[in-house]
Amino acid sequence: MTLTRRNLVLGAGAAAVSALPVGAAFGQAKAEFALKYGNNLPVTHPMNVRAAEMAVKINAESKGRIAFEVYPNNQLGNDTDMLSQTRSGGMDFFTLSPLILGTLVPAAQISGVGFAFKDYSQVWAAMDGDLGAHVRKQIDGTGSLFAFEKIWDNGYRQITTSTKAVNTPDDLKGMKIRIPPSPFWVSMFKAFESSPATINFAEVYSSLQTKVVDAQENPLAIIATAKLNEVQKFCSITNHMWDGFWFLGNKKSFDRLPADLQAIVTRNVNTAGLSQREDVRKLNGSLLTDLQGKGMAINTTNAEVFRAKLRSANFYSDWNKKFGPDAWAILEKYTGKLV
Ligand code: X2X
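To keep things clear, this report deals only with the structure shown in the data block. Just so we're clear, the structure is a prediction, and the values are computed from it rather than from any experiment. (Residues numbered from 1 in each chain as written. Predicted model: local features only at pLDDT ≥ 70, side-chain atom pairs only at ≥ 80, totals over all residues. Heavy atoms only, no water.)

1. Focus on the pairing of strand E11 (residues 242–250)
Working note: regular strand, side chains alternate between the two faces of the sheet. Of all nine residues in E11, nine are buried, a share of seventy percent or more. Covered by surrounding structure in E11 are Trp-242, Gly-244, Trp-246, Leu-248 and Asn-250 together with Asp-243, Phe-245, Phe-247 and Gly-249, the residues of both alternating faces. Where strand E3 (residues 93–96) and E11 come together, four bridges link them in antiparallel fashion. Its bridge partner being in E11, Thr-95 is matched across the sheet by Phe-247. Bridge analysis of strand E5 (residues 152–156) against E11 gives four bridges, and the strand direction is antiparallel. (Buried < 20%, exposed > 50% of the residue type's maximum accessible area, 1.4 Å probe, protein only. Helix = DSSP H or I, 4+ residues; strand = E, 2+ residues; numbered from the N terminus. Pairing = 2+ DSSP bridges.)

Right, dumping it as structure tokens:
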């Protein structure tokens, strides 16, 4: 069977708990190094399309010495489980939002400051520049984890609800909104005077379906690939933060690889990350009509009104203090003055 991106990903869509079928492609004998990578996104999300491709390349370039296995869609557990497994070595790689990583590395949350990055040119200048380097150094400081240089993209986050459109911050007052498990996200949505509930992504669809929460926030690519439009009526374009996915590795596991295999993994993870960024940007830019066609009511908003609300709640000054002046100065080097 000729392996294409499409049948790799779709095949995995039907699979139960099993890795995307990339190893067998080369009829490879038992590999020296079986490497497990897990993530929390649907099989059809660009992250898994590119991850499946990347795994095929790693296995081929290592001449079968590596069996790189991709476990999508929370197959290895929810984010909290997978972070703990990657720290312990139960998993070798894991892609995680800097803000959820903030539960372990508080400094990592700085890339999620609300309305900080005006556009993607600022995002990549910062994340491929000194801000990304600063955060990766903090991740290294955990002693158990490291992050590859090129952060993968999640995109700008939008708010969806089953009850009403969000036109101004006042519409968020008292709203039961799901947010990922992160102190930073709690702080932002408390500043908006909503009632945030921290829930792992694995449980988001069911929490919305059963009305445990009325709202959530995510980039359009996730709203679409996770089919959240089936349980959400309104989609308010707030672009309230940019979010990414650090491609995290277990240090001990990676250090066991010979240098030539480390180089193959590193080059392919970073290259796949750059391709995934382009895919996510294009997909996020193309989904509004698609989601409208599926019945979602879309509205735009004025970012300055939401930014002013955060300012009046001391959100920026509080986090300036928490991250410290040096880190905040690195951020503002790319965004301009935020407070
Ligand atoms: O949990 C979320 O909302 C998600 C999928 O965007 C992240 O992994 C941060």
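So, next bit.
2. Quick look at the environment of Ala-297
By secondary structure assignment, the location of Ala-297 is in strand E12 (residues 297–300). Looking at Ala-297, the relative accessible area reads 28%, which means it is partly exposed. Along the chain, Ala-297 and Thr-271 lie 26 residues apart, while their C-alpha atoms are 36 Å from each other. Once residues lying within four places of it in the same chain are set aside, the contact partners of Ala-297 are Lys-233, Phe-234 and Cys-235. (Contact = heavy atoms within 4.5 Å.)

3. Section: the site of the ligand
Taken together, 14 residues are adjacent to the ligand, and Asn-40, Asn-154, Arg-157, Arg-178 and Asn-218 come closest. A distance of 2.9 Å separates an oxygen atom of the ligand from a polar side-chain atom of Arg-157. Contacts to the ligand include Arg-178, whose side-chain N or O atom sits 2.7 Å from an oxygen atom. Protein burial of the ligand: of its 270 Å² of free accessible surface, 100% is covered by the chains. A majority-of-atoms criterion places the ligand in the largest cavity. Here the residues of the shell around the ligand are counted per class, giving seven nonpolar, four polar and three charged. Two domains each donate at least three residues to the shell around the ligand, and these are domain 1 (5–155 + 244–283) and domain 2 (156–241 + 292–335). (Near = heavy atom within 4 Å. Polar contact = N/O pair within 3.5 Å; in protein donor to acceptor, adjacent residues only side chain to side chain. Areas by Shrake-Rupley, 256 points an atom, 1.4 Å probe, with all protein chains shown as cover. 1 Å grid on protein atoms, 1.4 Å probe; cavity = no way out; pocket = protein on both sides within 12 Å on 5 of 7 lines; lining within 4 Å. Sits in = over half its atoms within 2 Å of the grid points. Nonpolar A, V, L, I, M, F, W, Y, C, P; charged D, E, K, R; others polar. Domains from an automatic or database assignment.)

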